[in-house]
Amino acid sequence: MIRSYLVFLGRAYVLSFSGSRLFYAWMAALTVVAAIGAHEFCRQLVQGLEITGMTDQISWGVYIANFTFLVGLAAAAVMLVIPAYIYRNKEIHDVVLFGELLAIAAIIMCLLFVMVDIGRPDRFWHMFPGLGKLNFPSSMLAWDVVVLFGYLLVNLHICGYLLYMKYLGRTPTLLFYMPFVLISIAWAISIHTVTAFLFVGLVGRPFWNTAIVAPRFLGSAFTAGPGILIIAFQIIQHFSDYKISEKAIYILRNIVTASLLINLFLLACETFKEFYAASAHSSSARYLFFGLEHQGHHFGSLSPWIWTAISMELVAAVILIVPPIARRMAFLNIACVLANIGIWIEKGMGMVVPGFVPTPQGTVVEYFPTWSETLICFGIWAFGLLIFSWMLHLAIPIMSRRFKAA
Amino acid sequence: MSTPPNIDPEHEKNGPALPEDAPSGRRGFLKSAMGTMAGLAVTAGVLEPLRSLKDAPSLEEFLQQHYTKLTPDLMDQVLRRVEALMGEEYGAKVRVNDPKPLEGVEFAYALNLTRCNGSRRCVYACMKENNIPLDQPEMAYIRVLEMNIDSLDLEEGNVQYEASAVPREGKYYLPIQCHQCRKPPCTKVCPVEATWTEPDGITVIDYNWCIGCRYCMAACPYEARRFNWTKPSFAADEINPDMGYLSNRVRPRGVVEKCHFCLHRTRLGKNPACAEVCPTGSRIFGNILDPEGKIQFILKNKRVYILKAEAKTIPRFYYFFDN
């Protein structure tokens, strides 16, 4: 049994390097971008985080913004798991696996974004329970590390087990995966909730210190994740022989539509609270939407971002709720892309950064990511796409039974 | 490419060469070998900047355990190693001690807002005492806000006022540093317990344990914490050679630091550098447990103001006004 698994691994390794020219070109392009990012990260290791745009005042930037967005993406895989496994919806059953593979790639990106953000990556082991000194359960970051690693392991197990069984041509044993599927559903909600609590639990940052952050995170995540999957499925259909049922895409479209509307509603709730009852605690929201006057200067670098994000999400919402347009695939794709970009901005430049402005001492400082920082971000995204493409490259032939045990 | 026997021909254009049949398997291995070679070449290019990495930790430093897990013998080795490192990196001959909290002592600070004239002498004395490069004023542990006389709104304060023309009409001055809270949000959020509150009320940081995640900086309601975005640079004679392990030793790159009430001085019975230098006598430092002490006198007799009392972190740092 172990032997047949080793044979499987060996064949999977060989299969990883065999593919069409297009596949090679795609993987090579991603490798180049990832390598540029890694090179820039090595520069950061030598010079320190001063090569980023972060300061003592705005001490988290695009790294943590991307981290937050990607935790949501990883959590969103659950939206596929629930109908597929609990309600035994056959149409969506197969594609769940692709959602979970996306979750795995997203979690790996999350962990990389944490690694590039910390000042002493060499001391990462200080967080390992037993070996180091993990401040659990007090620190929300300790919780986040635990739930992210746990979520990664659960999803690796589910995907690995189901794929290997398919490769062997055997029916998977319910006991070996169903309990983990149930765990992963609760866990998916928890990873994004914990990530929200990371921000919510800070008494000195009124912009984050509000109960709506976790619901908003979930709303935006369940818009972004299925949105990306809709596009990923079409790419998979186009470049492989794998057929994804239209019904699966319609289920995803409904999830995106509902979540996007909920997300916009929560954003409206928060905006009302910040501006109608404008207290000293509304300064961050004022800075985000309109900019702030401080010591005779106007600071407003974030407002174009948030207005862009809101416009994109509104256009996406209109496309999705007007039936004749929403049924057209091209428009659905536009809506998914707009919603995803909008949510990326809303969670990064619209949530992480303004929480630091004005500072607790009342100063206004602005944040502009540097080129190095940006290249590192692109590098991690390319690496994540590389992992996702590679996993699909192995999973699709297994699913369509072209790659199977001899 | 020959069609592998178990592949439907119509899928051939997209279908990967599957390793079932020997020829494509061999070709696959050749390809994967080439892929591996290319990978190695890329890796070498990617890692190139690391050749100029100067301050990589030694193996002992890398494996060093948390402060509270170090035996006295191990601690002594660590202190000697840090001393040697200061010599290597800065050419400075220094002594690094680890003074322990005193029995029956809990430190507290009281600052007279009526008297403070915004000279920023405390800021500079602190930087010199605590080995903060003078050309990095943003790293200073103390920031002084020039406030409008009719307001306590920090957003109206100005941290970049000209210190040559103080005190100015219609203004008062509000110095802010670590408030050494009794319920510190910073220690609560640290994922690795690299920062904690000592029995004498001082919240400290183990610079050899901090992972540099900066969560404590996001948590602090007083903006008291600073991050070493790069390695601090000094000439050897700019360094204060009298160092404490948990206080003013030169910090490595990538860790967080902040005011520690000059514990390497105050645990030996001296005043913190900022209190000693203050030209107006606005800064009062002492043991809050001493019923006859200056701090208790102020708390009983003056009008005391606690900055951001609504955060309920219960600071050991009090502002007061002359009656």
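Owing to the predicted nature of the structure, the values given are computational and were not obtained by experimental measurement.

Trainee: Just checking my understanding: could you explain the side chain of Asp200 of chain B for this structure?
Mentor: Residues and elements named next belong to chain B. With respect to the secondary-structure elements, Asp200 resides in the loop between β5 (195-197) and β6 (203-205). Within the local environment of Asp200, its side chain forms a polar contact with the side chain of Arg267, the two groups lying 2.8 Å apart. With residues near it in sequence (within four places) discarded, Asp200 still touches Pro101, Val105, Glu106, Phe107 and Arg267.

Trainee: Help me understand the nonpolar core in this model?
Mentor: In summary, soluble globular proteins display a tendency toward joint burial of nonpolar side chains. One finds Trp60, Phe98 and Leu101 of chain A to be the most contacted residues of the largest nonpolar core, which totals 162 residues. In this structure, Trp60 of chain A is in contact with Met54, Asp117, Leu198, Phe199, Trp208, Val352 and Phe356 of chain A together with Cys213, Arg214, Tyr215 and Ala218 of chain B, ignoring residues within four places of it in sequence. The next biggest cluster of nonpolar side chains, apart from the first, holds 60 residues, and it includes Tyr109, Cys116, Cys178 and Leu307 of chain B.

Trainee: Help me understand the pattern of salt bridges in this model?
Mentor: According to the stated counting rule, one finds 24 salt bridges over all chains in the structure shown. One salt bridge connects Arg214 of chain B with Asp117 of chain A, and the closest N-O pair in it is separated by 2.7 Å. Here Arg214 of chain B, found in the loop between β6 and α6 (215-219), pairs with Asp117 of chain A, found in helix α5 (residues 90-117), and the two come from separate chains. A relative accessible area of 1% means that Arg214 of chain B is categorised as buried. Here Asp117 of chain A falls in the buried class, since its relative accessible area comes to 2%. The partner of Arg216 of chain A in a salt bridge is Glu270 of chain A, with the nearest N and O atoms 2.1 Å apart. Taken together, the positions of Arg216 of chain A in helix α8 (residues 213-239) and Glu270 of chain A in helix α9 (residues 246-276) put the pair 54 residues apart, joining distant regions of the chain.

Trainee: Would you mind going over the sheet that holds strand β10 (residues 283-287) of chain B with me for this structure?
Mentor: Two pairing modes exist for strands in a sheet, parallel and antiparallel, and in both the strands are linked by backbone hydrogen bonds. All names here are of chain B. Strand order across the open sheet formed by 4 strands is β10-β2-β12-β11, with mixed pairing between neighbours. At either margin of the open sheet sits one strand with a lone partner, and together these are β10 and β11 (303-305). Neighbour-to-neighbour, the strand axes of this sheet turn through a mean angle of 30°, independent of strand direction. Of the strand pairs in this sheet, strand β2 (residues 107-112) and strand β12 (residues 317-321) are connected by 4 bridges, and their pairing is parallel. The partner of Asn112 across the bridge, within β12, is Phe320.

Trainee: Even after reading the chapter, I still don't get the environment of Ala33 of chain B, so can you show me in this structure?
Mentor: Residue and element names in this part refer to chain B. With respect to the secondary-structure elements, Ala33 resides in helix α1 (residues 22-47). Its relative accessible area of 39% is what places Ala33 among the partly exposed residues. The spacing of Ala33 and Arg81 is 48 residues in sequence and 45 Å in space, taken between C-alpha atoms.

Trainee: Mind showing me how you'd approach the interface of chain B and chain A here?
Mentor: The figure often quoted for interface size is the accessible area lost as the parts come together. Counting residues at the interface gives 80 residues for chain B and 74 residues for chain A. Interface of chain B and chain A: buried area, both sides summed, is about 6,300 Å²; carbon and sulfur atoms make up 56% of it. Ranking the residues of chain B by area buried against chain A places Glu155, Tyr215 and Trp229 of chain B at the top, with a combined share of 12%. On inspection of chain B and its partner chain A, the count reaches 3 salt bridges. Elements with a minimum of two residues in the side of chain B that touches chain A: α1, α2 (59-63), β3 (143-148), α5 (185-189), α6 and β7 (226-227) of chain B.

Trainee: I tried to follow a negative patch on the surface on my own but got confused; where do I start?
Mentor: Residues and elements named next belong to chain B. Together, Asp135, Glu138, Asp237 and Glu238 line one region of the surface with negative charge. Inspection of the secondary structure assignment puts Asp237 in the loop between β7 and β8 (242-244). For Asp237, a relative accessible area of 69% gives the class exposed.

Trainee: Honestly, the packing of helix α3 (residues 62-76) of chain A against helix α14 (residues 371-399) of chain A in this entry has me stumped. Any pointers?
Mentor: To characterise two packed helices, one gives the angle between the axes of the helices and the distance between these axes. Residue and element names in this part refer to chain A. Packing of α3 against α14 brings their axes to within 10 Å, and their N-to-C directions diverge by 25°. Between α3 and α14, the angle is such that the two are roughly parallel. The interaxial crossing formed by α3 with α14 has right-handed handedness. On the side of α3, the interface is formed by Val62, Tyr63, Asn66, Phe69 and Leu70, while α14 contributes Glu373, Ile376, Cys377 and Trp381. The residue inventory of the contact of α3 with α14, partitioned by class, reads 7 nonpolar, 1 polar and 1 charged.

The rules behind each value
Here, residues in each chain are numbered from 1, in the same order as that chain's written sequence. Here chains are named by letter from A upward and ligands by number from 1 upward, in the order in which they appear as written. In view of the model being predicted, local features appear only for residues whose pLDDT reaches at least 70, and side-chain atom pairs are presented and counted only at 80 or more, with totals across whole chains, interfaces and linings using the full set of residues. Only hydrogens and water are set aside; all other atoms, that is, all heavy atoms of the structure, feed into the side-chain values. Helix and strand assignments follow DSSP, with helices taken as H or I runs no shorter than four residues and strands as E runs no shorter than two, numbered in order from the N terminus. Residues adjacent in sequence count toward polar contacts only when both atoms are side-chain atoms; beyond that, a polar contact is any pair of N or O atoms within 3.5 Å, and within protein one must be able to donate a hydrogen and the other to accept it. Here a residue-residue contact requires only that any non-hydrogen atoms of the pair lie within 4.5 Å. Among buried residues, those of type Ala, Val, Leu, Ile, Met, Phe, Trp, Tyr and Cys that are joined through side-chain atoms within 4.5 Å constitute a nonpolar core. Buried means the residue's accessible area, taken with a 1.4 Å probe over protein chains only, is under 20% of the maximum for its type, while exposed means over 50%, and partly exposed covers the values in between. Salt bridges are identified by distance alone: a Lys or Arg side-chain nitrogen within 4 Å of an Asp or Glu carboxyl oxygen. A pair of strands counts as paired when DSSP detects no fewer than two bridges linking them. Helix axes are fitted to C-alpha atoms over the stretch in contact, other axes to C-alpha atoms as well, and angles between N-to-C directions run from 0 to 180 degrees. By definition, the buried area sums, over both parts, the 1.4 Å-probe accessible area that each loses when the two are put together. Patch definition: residues with relative accessible area over 30% and no salt bridge; like charges joined within 9 Å; nonpolar side chains (Val, Leu, Ile, Met, Phe, Trp, Tyr) joined within 5 Å. All accessible-area figures derive from a Shrake-Rupley calculation using a 1.4 Å probe, and residue coverage is judged against the displayed protein chains alone. Asp and Glu are treated as the negative residues and Lys and Arg as the positive ones, with His and the ends of the chain left uncounted. Taken as the charge centre is NZ of Lys, CZ of Arg, CG of Asp or CD of Glu, depending on the residue. Note that the term roughly parallel is reserved for angles under 35 degrees, roughly antiparallel for angles over 145, roughly perpendicular for angles of 65 to 115, and oblique for everything else. By convention, the crossing between two helices is left-handed when the near helix turns anticlockwise from the far helix through less than a right angle, and right-handed when the turn is clockwise. Under the scheme applied, nonpolar residues are Ala, Val, Leu, Ile, Met, Phe, Trp, Tyr, Cys and Pro; charged residues are Asp, Glu, Lys and Arg; polar residues are all the others, including Gly.

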